[in-house]
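Listed here are the chains, written in short residue letters.
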Amino acid sequence: MTDSLDRTTPSSSAELPARLAAGAPGWNSKVDVIVIGSGIAGLTAALRLHEGLKSRREAGTILVVTKDVLSAGSTQWAQGGIAAALGPGDTPEQHERDTLVAGAGACDLEAVRVLVNEGPEAVRELIALGANFDHHDGVLSLTREGGHHRDRIAHAGGDATGAEIQRALVAAIRAAPEIEVIEHALAVDLLKSADGRVCGITLHVMGEGQRDGVGAVQCRAVVLASGGLGQVFSQTTNPAVSTGDGMAIALRAGAVLRDLEFVQFHPTVMYLGPDSRGQQPLISEAVRGEGAFLVDFEGNRFMQGQHELADLAPRDVVAKAITRRMHETSHPHMWLDARHLGAEFWEHRFPTILATARAHGIDPATQLIPVAPACHYASGGVLTDLWGRSTVPGLYATGEVSCTGVHGANRLASNSLLEGLVFSRRIADVLPDELGPYADPGPDEREPGVVDAEIRTPLQAVMTERVGVLRSATGLDVALTELAALAGKQGEIGTAAWESTNLLMISAALAAAAKGREETRGSHWREDFPERNDDQWAGHFDVTLVDGRLQLAFSPSPATDGEDDQ
Ligand code: SIN
């Protein structure tokens, strides 16, 4: 790696709260490890850490805090499945190659190797824990999604994979009463000792948990597993809880965030009309894996000839092709044709999607499904090493909130559940030996602040229009200026305002990184720089918060496309 090129963000960048304004903690508690988040990443970390400590005969206390109920996060909504080289003829090397190609030269090769090599065992353990995956004649059923050259996606309940995984993990947590759970609790900020180590969190319990109001919990390590940032955009497949809290908390604690500009837009999200906002229905890529295809308003199969995998090209390729066709034909969506799959197949293989589509007045067995790209997944996040350690001592990150390096510029389909599983196991394996002593928080000179909760809608509008699928310098400048103006609107302390502040911080960081990357790569598409440019832009943008201002640093690193790395 060559020297970093340091850049500060443009002068229009916002002054952001260095910590959230909140009432003084009204209650205190103490545990060894706090896990923030309760999807596949958080619950896997908590369960395996609990088992690990038990087998070492160490009596560690673990607390899981989650913003809603245990099952409300993104994992529950995952449809397609979990990718691992489990099928005949498949190998981790082939999975590695597909992951690197999708990642468009920006993956961390070592992290990808960890993912694909440890993935099969991790999935087998999940099955042993009680997750009921689909089988045919006693053999695990595997399907294909975009960018995969093998049938490699294990699924459950047809298209309810995340819900089944979540059910099994929640059941396991409920069977381990030693793991304390606080639901309806928003983590506000991290506490750090005088020597800079994370030593606790402040959190706000929203009335229905075991404790009320703002509290402080002292601990020896924090595992962030709080999911993604989908609510930054007006339309997303993510649930309402995905407000980038974990990334914002880490940023305020001094952690490095990496690759934020690489937000993945899922190509086939059901189009519900121009005014539809918030979480939108996903039409899994597995539907195309089973033979569905895209058509325009004239019935042309426009993916043919665009990529060797046509409708099953990597996600960024399909999202761009749909967007281009929408622009060319001035239509707000394209169509997915899955009629030939037939009603019986639909009912058996995709019962969840079928029910959702019918609830919106479309029967996919007889009608075309209107689809358009929408925000789906943050490939970047809190920078970690191969063991989930962030750049702040005592802070670990796993799942969508993290940037382990496995996704690069564009996550390969169904690698996200796998990443949460594999890297949470790794964190749990090293954590018992890395726990620091309990410490009191050091003096905190940072200026607290919070923005008006009402900025959320205009923020989502500008992010969608200017920082969405297709970006340009002009549009990104407009976004940065508007975000700076929104940052000036002070608000009243409360959950909605804390979430809006987190959304603002992550939006500003994302827009700044997107402005900095003057090329098109993976899911980052610049109309003013339409080509990938390895000479200048092979590497990563890292974002930090220094005295309330975002700073960008570009670290060059060789492109990792797979061809030369085998
Ligand atoms: C899908 O089912 O298309 C989504 C799978 C994923 O995001 O990996």
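Structure shown above.
Examining the pattern of salt bridges
- Across all of its chains, the model carries 43 salt bridges by this definition.
- A salt bridge links glutamate 290 to arginine 349; the nearest nitrogen and oxygen atoms lie 2.9 Å apart. With glutamate 290 in the loop between α6 (285–289) and β20 (293–295) and arginine 349 in helix α8 (residues 342–349), the pair connects residues that are 59 residues apart, well separated along the chain.
- Salt bridges sharing common partners tie together Glu261, Arg517, Glu519, Arg521, Arg532, Asp534 and Asp561.

Digging into the packing of aromatic side chains
- Counted according to the given criterion, the structure contains seven aromatic pairs.
- Note on phenylalanine 345 and phenylalanine 350: the rings are 6.3 Å apart at their centroids and 70° apart in plane angle, and the pair reads as edge-to-face.
- For phenylalanine 345, a relative accessible area of 28% translates into the label partly exposed.
- Through pairs of rings, three or more aromatic residues link up here, namely Phe345, Trp346 and Phe350.
- The positively charged end of lysine 30 is found above the aromatic ring belonging to tyrosine 438, 4.5 Å away from the centroid.
- Between arginine 220 and the ring centre of tyrosine 438, over which it is positioned, the NZ or CZ distance is 5.8 Å.

Brief notes about the site of the ligand
- Near the ligand the following residues occur: Gln79, Gly80, Glu145, His266, Leu282, Ser284, Glu285, Arg315, His376, Arg411, Ala413 and Ser414.
- A distance of 2.6 Å is found between an oxygen atom of the ligand and a side-chain nitrogen or oxygen belonging to histidine 376.
- Here serine 414 contributes a backbone N or O atom positioned 2.6 Å from an oxygen atom of the ligand.
- Taken by itself the ligand offers 260 Å² of open surface, and the protein chains cover 94% of this.
- When its residues are assigned to classes, the shell around the ligand shows two nonpolar, six polar and four charged.

Side note on the nonpolar core
- Membership of the largest hydrophobic core comes to 73 residues, with the highest contact counts inside it found for Ile34 and Ile201.
- At 11 residues, the largest contribution of residues to this core is made by helix α13 (residues 495–516).
- Ala84, Leu115, Ala131 and Phe133 belong to the second largest nonpolar core, which has 54 residues in total.

Quick look at the sheet that holds strand β10 (residues 153–154)
- Across the sheet, three strands lie side by side as β6-β10-β9; this open sheet has antiparallel pairing. Of all strands in the sheet, those bounded by a partner on one side alone are β6 (82–83) and β9 (142–143).
- The pairing of β6 with β10 spans two bridges and is antiparallel. Considered in β10, the bridge of alanine 83 is made with isoleucine 153.

As for the side chain of glutamate 164
- Relative to the elements of secondary structure, glutamate 164 occurs in helix α4 (residues 161–174).
- Judged by relative accessible area, which is 13%, glutamate 164 ranks as buried.
- Once residues within four sequence positions are removed from consideration, glutamate 164 is found in contact with Gly130, Ala131, Asn132 and Ala156.

What counts, and where the lines are drawn
Residues numbered from 1 in each chain as written. Predicted model: local features only at pLDDT ≥ 70, side-chain atom pairs only at ≥ 80, totals over all residues. Heavy atoms only, no water. Salt bridge = Lys/Arg side-chain N within 4 Å of Asp/Glu carboxyl O. Helix = DSSP H or I, 4+ residues; strand = E, 2+ residues; numbered from the N terminus. Phe/Tyr/Trp six-rings, centres within 6.5 Å; stacked < 30°, edge-to-face > 60°. Buried < 20%, exposed > 50% of the residue type's maximum accessible area, 1.4 Å probe, protein only. Lys NZ or Arg CZ within 6 Å of the ring centre and 35° of its normal. Near = heavy atom within 4 Å. Polar contact = N/O pair within 3.5 Å; in protein donor to acceptor, adjacent residues only side chain to side chain. Areas by Shrake-Rupley, 256 points an atom, 1.4 Å probe, with all protein chains shown as cover. Nonpolar A, V, L, I, M, F, W, Y, C, P; charged D, E, K, R; others polar. Core = buried A, V, L, I, M, F, W, Y, C linked by side-chain atoms within 4.5 Å. Pairing = 2+ DSSP bridges. Contact = heavy atoms within 4.5 Å.

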